[in-house]
Every structure is written in structure tokens, then in C-alpha cells.
Amino acid sequence: MAAYIDYDDLIAFFDENTIKDLLSDTGDYSGDASGDAKLATLMESASGQVEAAAGVSNLYDPDDLAALTGNTLSLLKQLTAAITMVLLVRRRPEKFGSEYWQAIEERTEKYLDRLRKGERLFDETAKRQAGLPTVDGPTSIDYQRLNMIPSRTHNYFPNVEQRLPLWR
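Residues numbered from 1 in each chain as written. Predicted model: local features only at pLDDT ≥ 70, side-chain atom pairs only at ≥ 80, totals over all residues. Heavy atoms only, no water.

Visitor: Let's hear about the nonpolar core: which residues, and what values?
Guide: Counting 35 residues, the largest nonpolar core has Phe-14 and Ile-19 as its most contacted members. Sorting the residues of this core by element identifies helix 1 (7–13), helix 2 (16–23), helix 3 (37–54), helix 5 (70–91) and helix 6 (98–117) as the ones contributing at least two each. No other element matches the 10 residues that helix 5 contributes to this core. Those residues in contact with Phe-14 that sit more than four places away from it in its chain are Ile-19, Ala-81, Ala-82, Met-85, Trp-101 and Ile-104. (Core = buried A, V, L, I, M, F, W, Y, C linked by side-chain atoms within 4.5 Å. Buried < 20%, exposed > 50% of the residue type's maximum accessible area, 1.4 Å probe, protein only. Helix = DSSP H or I, 4+ residues; strand = E, 2+ residues; numbered from the N terminus. Contact = heavy atoms within 4.5 Å.)

Visitor: How would you sum up the environment of Ile-19? Please name residues and give values.
Guide: Tracing the backbone shows Ile-19 in helix 2. Look at Ile-19 and you get buried, because its relative accessible area is 0%. Spatially, the C-alpha atoms of Ile-19 and Leu-39 are 9.1 Å apart, while their sequence positions differ by 20 residues. With residues up to four places along the chain from it excluded, the contact list for Ile-19 reads Tyr-7, Leu-10, Ile-11, Phe-14, Leu-39, Met-85 and Leu-88.

Visitor: Lay out the environment of Lys-95 with the relevant residues and their values.
Guide: Structurally, the position occupied by Lys-95 is in the loop between helix 5 and helix 6. Overall, Lys-95 belongs to the partly exposed group, its relative accessible area being 33%. Each C-alpha atom, one on Lys-95 and one on Gly-27, is 9.9 Å from the other, the two residues being 68 residues apart in sequence. Ignoring anything within four residues of it in the chain, the contact list for Lys-95 reads Asp-21 and Leu-22.

Visitor: Any chance you could break down the confidence of the model for the protein for me, citing the residues and the numbers?
Guide: Confidence in the prediction for the protein averages 84 pLDDT; 89% of positions are at 70 or higher. Of all helices and strands in the protein, the one with the weakest mean pLDDT is helix 7 (residues 125–130) (64), whereas helix 1 scores best (95). (pLDDT = per-residue confidence, 0-100.)

Visitor: Give a detailed account of the packing of aromatic side chains, specifying residues and quantitative values.
Guide: What characterises a pair of aromatic rings is the spacing of the ring centres plus the angle enclosed by the ring planes. Under the defined criterion, the tally for this structure stands at 2 aromatic pairs. Through successive ring pairs, a cluster of aromatic residues spans Phe-14, Tyr-100 and Trp-101. (Phe/Tyr/Trp six-rings, centres within 6.5 Å; stacked < 30°, edge-to-face > 60°.)

Visitor: Requested: an account of the environment of Ser-47, with residues and values cited.
Guide: Tracing the backbone through its elements, the reader meets Ser-47 in helix 3. Accessibility expressed as a relative area gives 3% for Ser-47, which makes it buried. Measuring from C-alpha to C-alpha, the distance between Ser-47 and Ala-81 comes to 8.9 Å, with 34 residues separating the pair along the chain. Sequence-distant contacts of Ser-47, defined by excluding residues within four places in its chain, comprise Ala-3, Tyr-4 and Thr-80. Here Tyr-4 takes part through its backbone nitrogen, which lies 2.9 Å from a polar atom of the side chain of Ser-47. (Polar contact = N/O pair within 3.5 Å; in protein donor to acceptor, adjacent residues only side chain to side chain.)

The following block contains the structure:
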């Protein structure tokens, strides 16, 4: 599966000169960074980390993530770009101060952890409705049809109406 971001998405969230500087092994990057194999691998790895977090408990599969649109897609791209940059900085840790990148990594990992736990979700109608509580079960008519002992022995067991919510 392809990465969830491309080079244009990455430079929308982070500085292009910083990206080229981190990609350079010699100190001077020449060429087109959008076709760099190292960067493509890092973007795929970052996408894999998002998939791993979103795939816990089968919340999302890669097809669900690929089908996201609008603001939710932008959130997915932002997470993937942040992880990509952290991986890129790990290639050259001496280049920049690590406190800033550690803060980005911690913030992103916290978000992914909340995604794993289901506290944060990508906006999808089915996922939204899954978090709403519902009451489901037999009604008082269903209990009458069962003709259970509590229904047949009056004044000994509590009747069905006392054991069900008022609207059931």
C-alpha cells in the first residue's frame, strides 16, 4: 500500500529546506527530493505506524484510511507527516536540537495511543454512532409471550414492568 502522504503534503506541514537538509548525507542536497527513495521509505514507515495504531480492535483497515476525505484526510496527513519528520530527524540526530522533535514525537505518540484506545477517531459516521449508548433487549410484550414463572406467580416475584426501563 502506498504512503498516505507525498512530498507536497510533507512540505505543506514542514519546511522544505529542513527536509532537504535532513535528507542530505553530505551536507548539500542536490536533486529532486520528491523522488528520493529514503524519503519514500520513511513516509511508508510513518504510514505503517498510523495503520498499526488505527488497526487496533479493527477500528480501521488500510482501505478505510485511504477512503478518508476532507478535514479527516488532512488530520491523517498531518499525523503521517509528523511521524515522517521524526524518523527523518533520527537519521541525522546531530543536525538539530532534539527537544523540539521529541515534543513532536511525544504529542504524535499520545494521539496515536488515544486512537488505539478508541478515544480519538477519524470522522466516520459509523464510528461516531458506535460510541452512542443504546438500549436493546426484550420488551414487556416479549416477556409476556415467554410466560415465565415470575409472570405466572403474582405478588411473589417482581413483575416485568418493575424490572424493565419505563419506556420498555
